[in-house]
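# Per-entry structural report
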Amino acid sequence: MSFELLQPDSLPGALKALAQHGDEAKVLAGGTAIVLMLQQKLIAPTVLVSVGRIPDLAYIRSEPDGIHVGPLTTLRDMERSLVIQTHFPLLAQASGEVGNIRVRNQATLGGNLAEADYASDPPTALLALGTQVTATSLRGERTIPLEDFLIGFYTTDLEPDELITDVFIPASAPGSRTTYLKYRSRSSEDRPCACVAAIAAFEAETCTDLRVAVGAASEVPQRLPAVENLARGQALTDELIGEIAAGYADNIDTLEDIRGSAWYRTQMIRIHVVRALEELRNGRR
Amino acid sequence: MKIEGSFTLEAPIRTVWDYLLNIEEMSQCIPGVSALETIDTKSYRGELQIKVGPIKAAFGGTVTLLELEPPHRLVAEIVADDRRNASQVKATFTSILKSLADGTEVTYTIDANVRGRLAQFGQAVAQSTAKKMAAAFGSCMQEKIDAGETA
């Protein structure tokens, strides 16, 4: 294993390095994923661009229309952030479910999204929240909705010369209830076998808006707007909850790995969508 | 690890069989295959490049046709290794062709034994990658058959 380690101390410096080395370079942030891949010799970049010395990329900034989270913000800081706990409790929950405290102290939001591991907690919560990712290169800046950013296994829409420079999470409707359920099939520190992030707004008993994302069960986390819309203007009865859960279970092409078979994952999706929606209906915030 | 799938081609079973057995033409439809050489009438040597996100694999190896039951069933053995990733693959590929009213259904089963670094990368990724490759293979074969018919 031999590579050149670059440690630019400015954003333009990092972008220049990425533009110069293209596909041969990999970005190093917290290193929880890329160092493992390097150790296992699954990847062999010739250049590592460490972004840790670039100032001002770790922040959680609240604005009237939502929050901006810097790509170098650690998952631990997201888990502990009062702003995130108050306004986006499911994101605090999902961030706090990753690995163990040592991993969360090191892993960053930008790294988590750029790695695009299918068995990861934050992307599913972020997808339910309607997150937008800003990517910057020397060519300019663009904002990508998370559903278009995550393409497949370990594959994102990022070009080799682009760096994630901001993650924006729009504010949910006032009074929204949210939950994040992680189902593990092996040890307590394991990655999810399946996970569900759900957000619902209500007027009295009537559900006015529902967003459900299911993750770790297929290549990328998924929302099914046609199924979500079944809830709009309706009371979340047991029957309707069952129908929505069946919609997710039946329409997600589940994968098979050491955490469970495709059939098993389909059952786990059904059960956990039911549990998530019951929790929202019964009023947990 | 077992990978199964199927695709349908709009062509008679005999035509599909002939195309499948025309190894040089057929291999052009497998994404990432290059440097195909014929060793003898039943064995071929070639290279296969696969990219999943940041991970790149480059396999070199041989394909040997073990059983041929025209035009219904073929069994091949694949033995390949990737030196950079220190990984080996040994796989049995079985394909069954079935005549339909308006075409031919091609069912495939790959029983693969992967050893080395790529093995830990996981079944989910391998299965999904194989399915995507099979889908691309199917549509490429259809194009070749259509082009052959009109030519």
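Report on the accompanying structure. (Residues numbered from 1 in each chain as written. Chains lettered and ligands numbered in written order. Predicted model: local features only at pLDDT ≥ 70, side-chain atom pairs only at ≥ 80, totals over all residues. Heavy atoms only, no water.)

### Looking at the state of the cysteines
Stated precisely, the cut-off is as follows: A pair of cysteine sulfur atoms is labelled a disulfide when the two atoms are within 2.5 Å. Helix and strand labels come from DSSP, where a helix needs a run of H or I of at least four residues and a strand needs a run of E of at least two; each type is numbered from the N terminus.
In this structure the tally under the stated criterion is 1 disulfide over all chains. Between Cys-29 of chain B and Cys-140 of chain B runs a disulfide, and the two sulfur atoms are separated by 2.0 Å. For the disulfide bridge between Cys-29 of chain B and Cys-140 of chain B, the dihedral angle about the S-S bond is near -70°, and by the sign convention the bridge is left-handed. Placement of Cys-29 of chain B in the loop between helix H2 (23–27) and strand S2 (33–40) and of Cys-140 of chain B in helix H3 (residues 123–150) is noted, with a sequence separation of 111 residues between them. Counting only cysteine sulfurs, Cys-193 of chain A is the nearest neighbor of Cys-195 of chain A, a cysteine outside any disulfide, at a range of 9.7 Å.

### Re the sheet that holds strand S5 (residues 73–82) of chain B
Residue and element names in this part refer to chain B. For clarity, the threshold we go by: Note on pairing: two strands pair once DSSP finds at least 2 bridges between them. For every element, the axis is a line fit to its C-alpha atoms; helices are fit only across the contacting stretch, and the angle between N-to-C directions ranges from 0 to 180 degrees. Pairs of residues are marked as contacts when any of their non-hydrogen atoms sit within 4.5 Å.
Spatially, 7 strands are ordered S1-S7-S6-S5-S4-S3-S2 in an open sheet, and the strand pairing comes out antiparallel. Among the strands making up the open sheet, the edge pair consists of strand S1 (2–9) and S2. Strand after strand, the sheet turns through a mean of 25° between neighbouring axes, direction not considered. In this sheet, S5 lies alongside strand S4 (residues 55–69) in antiparallel orientation, the contact comprising 9 bridges. Within S5, the position partnered with Leu-68 by the bridge is Leu-74. Contacting S1, S4, S5, strand S6 (87–100) and strand S7 (103–116), helix H1 (residues 13–21) runs over the sheet at an angle of about 160° to S6.

### Some details on the interface of chain A and chain B
One frequent convention defines the size of an interface as the accessible area lost when the parts assemble. Here is the rule: Buried area: the accessible area, evaluated with a 1.4 Å probe, that two parts lose upon being put together, summed over both parts. For this document, the term salt bridge refers to a Lys or Arg side-chain nitrogen within 4 Å of an Asp or Glu carboxyl oxygen. Whenever two N or O atoms come within 3.5 Å, that pair is a polar contact, provided that in protein one can donate a hydrogen and the other can accept it, and provided that, for residues adjacent in sequence, both atoms are side-chain atoms. Residue polarity is assigned by list, with Asp, Glu, Lys and Arg as charged and Ala, Val, Leu, Ile, Met, Phe, Trp, Tyr, Cys and Pro as nonpolar; anything else, Gly included, falls into the polar class.
If you look at the interface, chain A gives 15 residues, while chain B gives 17 residues. Contact between chain A and chain B buries roughly 1,500 Å² in total, counting both sides, with carbon and sulfur atoms accounting for 57%. Three residues, Leu-42, Phe-153 and Tyr-154 of chain A, lead the burial of chain A against chain B; their summed loss comes to 38% of the area buried on that side. Our count for the contact surface shared by chain A and chain B stands at 2 salt bridges. Across the salt bridge formed by Lys-132 of chain B and Glu-219 of chain A, the nearest N and O atoms sit 3.1 Å from each other. Between the two partners, chain A and chain B, sit 4 residue pairs in polar contact (both at pLDDT 80 or more). Looking at side-chain class alone, the side of chain A that touches chain B contains 7 nonpolar, 2 polar and 6 charged residues.

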